[in-house]
Amino acid sequence: MSKNRTRKVIFSGSLVAAMAALGITVYQVGTSGQRDNVQEILPLESTSENQTAQEEPMVDVGTSQVEADMSSMDGEDFLAGIETDVAGSGVVAGVGTITGTEDGIDEAADTNIASADNLVDMAAAADTTASVYTAPEINFSEDTLMEWPLHGTILIDYSMDQTTYFPTLDQYKLNPAIVIQSGEGAPVVSAVNGTVYSIEDTAETGTTVTMELGNGYQAIYGQLTDLNISEGDTVTKGTTIGYVAAPTKYYNTEGSNLYFAMKKDGKPIDPIAYLP
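Residues take numbers from 1 onward in each chain, read along the sequence in its written order. Totals for whole chains, interfaces and linings use every residue, but because this is a predicted model, local features are given only for residues with pLDDT of at least 70 and side-chain atom pairs only at 80 or more, for both listing and counting. Values reported for side chains reflect all heavy atoms of the structure, with hydrogen atoms and water molecules removed beforehand.

**Focus on the overall build of the chain**
Move 1: The secondary structure content of the chain amounts to three helices and 12 strands.
Move 2: Residue burial in the chain is summarised as follows: out of 276 residues, 24% are buried.
Move 3: The contact definition used throughout considers only heavy atoms, calling two residues in contact when any of these lie within 4.5 Å. A sequence separation of at least 24 residues applies to 63% of the contacts in the chain between residues at least 6 apart.
Move 4: Of the roughly 18,200 Å² of accessible surface on the chain, 55% is carried by carbon and sulfur atoms. Strands here are runs of E lasting at least two residues and helices are runs of H or I lasting at least four, both read from the DSSP assignment and numbered beginning at the N terminus. Note on classification: 1.4 Å probe, protein chains only; a residue is buried when its accessible area is under 20% of the maximum for its type, exposed when over 50%, partly exposed between these limits. The accessible surface values rely on the Shrake-Rupley method and a 1.4 Å probe; as for residues, cover is taken only from the protein chains in view.

Shown next, in the form of structure tokens:
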């Protein structure tokens, strides 16, 4: 009995020892991974600290260098250096020159003011040019050569010496003008420089324009429509003044035409004498 009891105690002690050894092994295995992790993390922290330690002296050195550079130059040189750097980068291209002194700023302001003054002067010159208008010379004489107010066949010629036949009226009478055949709507130009004296409507010649030519001469344009002129206008030779209208009842048979007459001191004269 005593031997069996002794064997049981020895077995139990061995079992406890084995379990204890197993627990220690498991514990070591579990903690060894943590130590490895700690060892892996520690080099990173050490590296960060080393980098911080290395960066701090670099910042100090750079700051010291900038302070030394700034202390070695005066304010104008410093601003000039900034101008060079900025201009080289193209940041202020087209904006203007940056100056570091009050005199430079004043010069820039004076330049802008001068530019504005130049624009004002140019505008004033343009206004002056526009206002300077050389009116055509109104100085008709016996030697003046006109141009045809329109080109066409003369239906009824000027005749103040003897009567001439008017087809629509079917009668003979004096004619103080020339009646020029033309299509309705044809442009009529001023035969010579003149000033519009009057615009009136008459039963015989419809819308009729009388121009003062100077020295007692007048030109009369009849059978017009869509005028481009007004009373008081000064008209240059060759300027379109209106268009041929439909004929009045006095010229139904003759058809559309331009009635063109001239006067000297109120008396009819022959327009043909002054036409090429």
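This is not the end of the story, as more comes after the structure.
**What about the packing of aromatic side chains?**
Move 1: Each aromatic pair joins two rings of Phe, Tyr and Trp (for Trp, the six-membered one) with centres within 6.5 Å, and gets the label stacked for planes under 30 degrees apart, edge-to-face for over 60, and tilted for any other angle. Evaluated as defined, the whole model comprises five aromatic pairs.
Move 2: Only when the NZ atom of a Lys or the CZ atom of an Arg is both within 6 Å of the ring centre and within 35 degrees of the ring normal do we say a charge sits over the ring. Geometry around Phe 166 places Lys 173 over its ring, the cationic atom sitting 4.7 Å from the centre.

**Quick word on the nonpolar core**
Move 1: In this structure, Met 146, Met 211, Tyr 221 and Phe 260 are the most contacted members of the largest nonpolar core, which totals 29 residues.
Move 2: Within the residue set of this core, elements represented by two or more residues are β4 (177-181), β7 (206-214), β8 (217-225), β10 (240-244) and β11 (257-264).
Move 3: Take this core: its biggest share by element is four residues, from β8.
Move 4: Each residue touching Phe 260, except ones within four places of it in the same chain, is listed here: Met 146, Pro 149, Ala 177, Ile 178, Ala 191, Ala 219, Ile 220, Tyr 221 and Pro 271. Side-chain atoms within 4.5 Å are what join buried Ala, Val, Leu, Ile, Met, Phe, Trp, Tyr and Cys residues into a set we call a nonpolar core.

**Observations concerning the confidence of the model for the chain**
Move 1: Per-residue confidence from the predictor is reported as pLDDT, a score between 0 and 100. Here the chain shows a mean pLDDT of 73. Residues at 70 or above account for 52%.
Move 2: The low-confidence segment residues 1-11, where pLDDT is below 50, has zero contacts with residues more than four positions distant or belonging to other chains.

**Description of the pairing of β10**
Move 1: For two strands to be treated as a pair, DSSP must find at least two bridges joining them. Relative to β10, strand β5 (residues 187-189) runs antiparallel, the two being bridged by three bridges. Paired with Pro 187 across the bridge in β10 is Tyr 243.
Move 2: One ladder, built from two bridges, connects β8 with β10; its direction is antiparallel. Paired with Leu 224 across the bridge in β10 is Val 244.

**Looking at the pairing of strand β3 (residues 171-175)**
Move 1: Bridge analysis of strand β2 (residues 159-166) against β3 gives four bridges, and the strand direction is antiparallel. From the neighbouring strand, Thr 164 faces β3, where its bridge partner is Lys 173.
Move 2: Here β2 folds back onto β3, and the loop between the two strands holds four residues, one of which, Asp 170, carries a positive phi near 55°.

**Side note on the environment of Leu 169**
Move 1: For Leu 169, the position within the fold is in the loop between β2 and β3.
Move 2: In the structure, Leu 169 is positioned 83 residues away from Asn 252 in sequence and 9.2 Å away in space, judged by C-alpha atoms.

**Considering unusual backbone geometry**
Move 1: Residue Asn 215 is not a glycine yet carries a positive backbone phi of 60°.
Move 2: With respect to the helices, strands and loops of the structure, Asn 215 is situated in the loop between β7 and β8.
Move 3: At Asp 265, a residue that is not glycine, the phi angle is positive and equals roughly 55°.
Move 4: With respect to the helices, strands and loops of the structure, Asp 265 is situated in the loop between β11 and β12 (267-269).

**Observations regarding the side chain of Thr 210**
Move 1: Assignment of secondary structure puts Thr 210 in strand β7.
Move 2: Accessibility expressed as a relative area gives 9% for Thr 210, which makes it buried.
Move 3: Discounting residues that sit within four places of it in the chain, Thr 210 has contacts with Thr 195, Val 196, Tyr 197, Ser 198, Gln 218, Ala 219 and Ile 220.

**Considerations on the environment of Glu 254**
Move 1: Along the chain, the position of Glu 254 falls in the loop between β10 and β11.
Move 2: Dropping the residues within four chain positions of it, Glu 254 is found in contact with Leu 155, Ile 156, Phe 166, Pro 167 and Thr 168.
Move 3: Among the polar contacts made by the side chain of Glu 254, one reaches the side chain of Thr 168 at a distance of 2.4 Å. Think of a polar contact as two N or O atoms within 3.5 Å of one another; within protein, one of them needs to be a possible hydrogen donor and the other a possible acceptor, and neighboring residues in sequence only count if both atoms come from side chains.

**Observations concerning the side chain of Thr 208**
Move 1: Mapped onto the elements of the fold, Thr 208 is located in strand β7.
Move 2: In this structure the side chain of Thr 208 is engaged in a polar contact, spanning 2.6 Å, whose partner is the side chain of Thr 205.

**Some words on the pattern of salt bridges**
Move 1: The salt bridge criterion pairs a side-chain nitrogen of Lys or Arg with a carboxyl oxygen of Asp or Glu, the two atoms within 4 Å. Tallying each qualifying case throughout the model produces two salt bridges.
Move 2: Between Glu 204 and Lys 173 there is a salt bridge; the shortest N-O distance is 3.6 Å. One end of the pair, Glu 204, is in the loop between β6 (194-202) and β7; the other, Lys 173, is in strand β3, with 31 residues separating them in the sequence.
Move 3: The class for Glu 204 is partly exposed, based on a relative accessible area of 28%.

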